[in-house]
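Next come the chains, spelled out residue by residue.
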Amino acid sequence: MTYDFKTLPNRLDQHSEKWRLTENNPELLQLWVADMDFQPFPEMRQAIVDYGQRQIFGYNYASESLFESIMDWEKDQHGYCFDRQALVLVEGVVPALSIAVQAFTAEGDAVMINTPVYPPFARTIRLNHRRLISQPLSVVNDQFTLDFQALEQKIVEEGVKLYIFCNPHNPGGRVWSHQELLELGAICQKHGVILVSDEIHQDLTLFGHEHHSFNTVSPNHKEFSVILSSATKTFNIAGTKNSFAIIENPQLRKAFTKRQLANNQHEIPSLGLITTEVAYRHGKPWLTALKPVLEENILLVQEELSKKTNIKVLKPQGTYLIWLDFSAYELSHQELAEKLLEEAQLHLNDGLTFGKEGEKHFRLNAATPQFVIKEACRRLVEVFGCLIN
Ligand SMILES: Cc1ncc(COP(=O)(O)O)c(C=O)c1O
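Just so it is clear, the model here is predicted, and its values are computed rather than measured.

## Observations regarding the site of the ligand
Right, on to step 1. Surveying the vicinity of the ligand reveals the residues Ala34, Gly92, Val93, Val94, Pro95, Tyr118, Cys166, Asn170, Asp198, Ile200, His201 and Lys233.
Right, on to step 2. Measuring from an oxygen atom of the ligand, one finds a backbone N or O atom of valine 94 at 3.0 Å.
Right, on to step 3. Separating a nitrogen atom of the ligand from a side-chain N or O atom of aspartate 198 is a distance of 2.6 Å.
Right, on to step 4. Out of a free accessible area of 400 Å², the ligand has 92% covered by protein chains.
Right, on to step 5. Considering each element in turn, the shell around the ligand owes the most residues, three residues, to helix α3 (residues 93-104).
Right, on to step 6. In terms of residue class, the shell around the ligand is made up of seven nonpolar, three polar and two charged.

Have a look at this one:
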């Protein structure tokens, strides 16, 4: 089966969040929100068409076959086996973050994240009136790394109760190693910290890197962890809404599901139930075909920008997101943002939304046909290439 990763679908008449600003400015290229400009595989489209042809659109329950498809995927793709009762469906990973914060901490408690990181992490902590503890990532050899000593010190000093960790990491695309996760787990266990591992990007590992689900690294981890994941990011079905938590510790699971029910967040959209199962049962060939497309796009951005501009490219080990560092330019963050949007006509994610470490950084979404990436690079070279000193 061949898939079309070359055509840019017209998303302008679909209320696409990503392409919204292009509705009034056709020149503007959208390389921000983390969804892909690629059609899902035919079985997915057919399943959604079949759903549309039903006569009745009432409430649906999650079938055992759906649970099995998630468990099979986790086992086959990530070597992660767990009991059926550990699996809890949630409408989205972001809602699950709120449930975890509310279930495991009280107002004023310290919750840690590693910045820069996916903006809803900090937002969830702040809006739930917990204390946001940011432990910045360091860049070593052009990759984000964890400073374990500083991290442990902060856990102790601040009395951290909960740690929301992004594995693989957005926006850096780091696929954390077995050893790193082992060290992280040992620190959490030692200090009684509950770790939420957001693994939504788990399937999108690239360039030979291998994802390790936090719980596969040590049998101890399941005692104090909540794993969150979803088929939606991998298979470009984010709008259909469905995700899952794997909570092996029964006490943690009980606290989580109680809070979920208290919030009336226990129901999953019918379409999400369908798309998740179809994704996990039929999506592997599409995913296999997608990865070289993403790799080529990333290499192209890296090559063009490193040769022709002073923009530093953090090559992701996974995800389709590229963290770009513009700090070599003697321009303020605001000036850089304006140049990108107004001169290059490119809409990237503003780095500051990921934390203060994101100053003079922007995130580029490479999951779009290659001609779009080429045009984006051409514009970046045109605007920033001439500023090389
Ligand atoms: C790390 C991370 N978590 C969660 C999400 C979104 O999850 P959901 O759509 O299931 O709420 C994203 C989307 O980009 C993400 O990058």
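Still more ground to cover, so stick around.
## So, the environment of leucine 364
Right, on to step 1. Considering the arrangement of structural elements, one finds leucine 364 in strand β15 (residues 361-365).
Right, on to step 2. Accessibility expressed as a relative area gives 1% for leucine 364, which makes it buried.
Right, on to step 3. For the pair leucine 364 and proline 120, spaced 244 residues apart in sequence, the C-alpha to C-alpha distance is 18 Å.
Right, on to step 4. Discounting chain neighbours no more than four positions away, the residues touching leucine 364 are Leu31, Val301, Tyr320, Leu321, Ile322, Leu324, Leu348, Ile373 and Leu380.

## Some details on the domain arrangement of the chain
Right, on to step 1. Examined at the domain level, the chain breaks down into domain 1 (20-42 + 284-383) and domain 2 (56-282).
Right, on to step 2. Once you take the C-alpha centre of each, domain 1 and domain 2 turn out to be 25 Å apart.
Right, on to step 3. Each partner contributes to the interface: domain 1 provides 31 residues, whereas domain 2 provides 34 residues.
Right, on to step 4. Each partner contributes to the roughly 3,000 Å² buried at the junction of domain 1 and domain 2, and carbon and sulfur atoms together form 62% of this total.
Right, on to step 5. Summed over the shared surface of domain 1 and domain 2, the result is one salt bridge.

## Quick look at the packing of aromatic side chains
Any aromatic ring pair is given by two values, namely how distant the centres are and how the planes are angled relative to each other.
Right, on to step 1. Summed over all chains, the structure comprises 21 aromatic pairs.
Right, on to step 2. Between phenylalanine 41 and phenylalanine 235, the aromatic rings sit 6.0 Å apart at their centres with planes inclined by 80°, giving edge-to-face as the arrangement. Here the residue phenylalanine 41 occupies a position in the loop between β1 (29-30) and α1 (42-52), and phenylalanine 235 occupies one in the loop between β9 (225-229) and β10 (243-246), the gap between them amounting to 194 residues.
Right, on to step 3. With a centroid separation of 6.5 Å and 40° between ring planes, the pair formed by phenylalanine 326 and tyrosine 329 is classed as tilted. Accessibility assignment for this pair places phenylalanine 326 and tyrosine 329 in one class, buried.
Right, on to step 4. In textbook terms, an aromatic cluster arises when at least three aromatic residues are bridged by ring pairs, as seen for Tyr3, Phe5, Phe38, Phe41, Trp73, Phe235, Phe244, Tyr280 and Trp286.
Right, on to step 5. Arginine 84 extends its terminal NZ or CZ atom over the ring of phenylalanine 67, reaching a point 3.6 Å from the ring centre.
Right, on to step 6. Residue placement shows lysine 315 over the ring face of phenylalanine 207; its charged tip is 4.2 Å from the ring centre.

## Quick word on the UniProt feature "domain: Aminotransferase class I/classII large" (unreviewed entry) in the chain
Right, on to step 1. What UniProt calls "domain: Aminotransferase class I/classII large" (unreviewed entry) maps, in this numbering, to residues 29-380.
Right, on to step 2. The span residues 29-380 carries 42% helix and 16% strand; its end-to-end C-alpha distance comes to 12 Å.

## Observations concerning the layout of surface pockets
Right, on to step 1. In this model, the second largest pocket occupies a volume close to 350 Å³.
Right, on to step 2. Looking at the lining of the second largest pocket, the elements with two or more residues in it are β2 (87-90), α8 (250-262) and α9 (270-282).
Right, on to step 3. With four residues, the single largest contributor to the lining of the second largest pocket is α8.

Rules used throughout
- Throughout, a residue's number is its position along its own chain's written sequence, starting from 1.
- Totals for whole chains, interfaces and linings use all residues, but because this is a predicted model, local features are given only for residues with pLDDT of at least 70 and pairs of side-chain atoms are given and counted only at 80 or more.
- The basis for every side-chain value is the complete set of non-hydrogen atoms in the structure, without hydrogens or water.
- We call a residue near a molecule or strand when any one of its heavy atoms sits within 4 Å of it.
- Pairing of N or O atoms within 3.5 Å defines a polar contact, subject to two protein rules: one partner must be a possible hydrogen donor and the other a possible acceptor, and residues neighboring in sequence count only if both atoms are side-chain atoms.
- Every accessible area reported is derived by Shrake-Rupley at a probe size of 1.4 Å, with residue values counting cover from the shown protein chains alone.
- Runs of E in the DSSP output that reach at least two residues are strands. Runs of H or I that reach at least four are helices, and both are numbered from the N terminus.
- For this classification, Asp, Glu, Lys and Arg are treated as charged, while Ala, Val, Leu, Ile, Met, Phe, Trp, Tyr, Cys and Pro are nonpolar and the rest, including Gly, are polar.
- Buried, partly exposed and exposed residues are distinguished by accessible area as a fraction of the type maximum, computed with a 1.4 Å probe on protein chains only: under 20%, between the cut-offs, and over 50%, respectively.
- The contact criterion used is simple: two residues touch if any of their non-hydrogen atoms lie within 4.5 Å.
- Residue ranges for the domains trace back to a domain assignment, done automatically or taken from a database.
- As used here, buried area is the combined drop in accessible area, with a 1.4 Å probe, of two parts when they are placed together.
- The salt bridge definition used is simple: a Lys or Arg side-chain nitrogen within 4 Å of an Asp or Glu carboxyl oxygen.
- Between the rings of Phe, Tyr and Trp (Trp by its six-membered ring), a pair exists once the centres lie within 6.5 Å; its type follows the angle of the planes, with under 30 degrees stacked, over 60 edge-to-face, and the other angles tilted.
- Lysine NZ or arginine CZ positioned within 6 Å of the ring centre and within 35 degrees of the ring normal marks a charge as sitting over the ring.
- UniProt positions are given in the numbering used here, feature names are shortened, and annotations may be inferred rather than shown by experiment.
- Definitions used throughout: a 1 Å grid over protein atoms alone; a cavity as a set of points that fits a 1.4 Å probe which cannot get out; a pocket as an open set with protein on both sides within 12 Å along at least five of seven lines; a lining residue as one with an atom within 4 Å of a point.
- Grid points are joined across faces, edges and corners, and a volume is the space filled by probe spheres set on the points.

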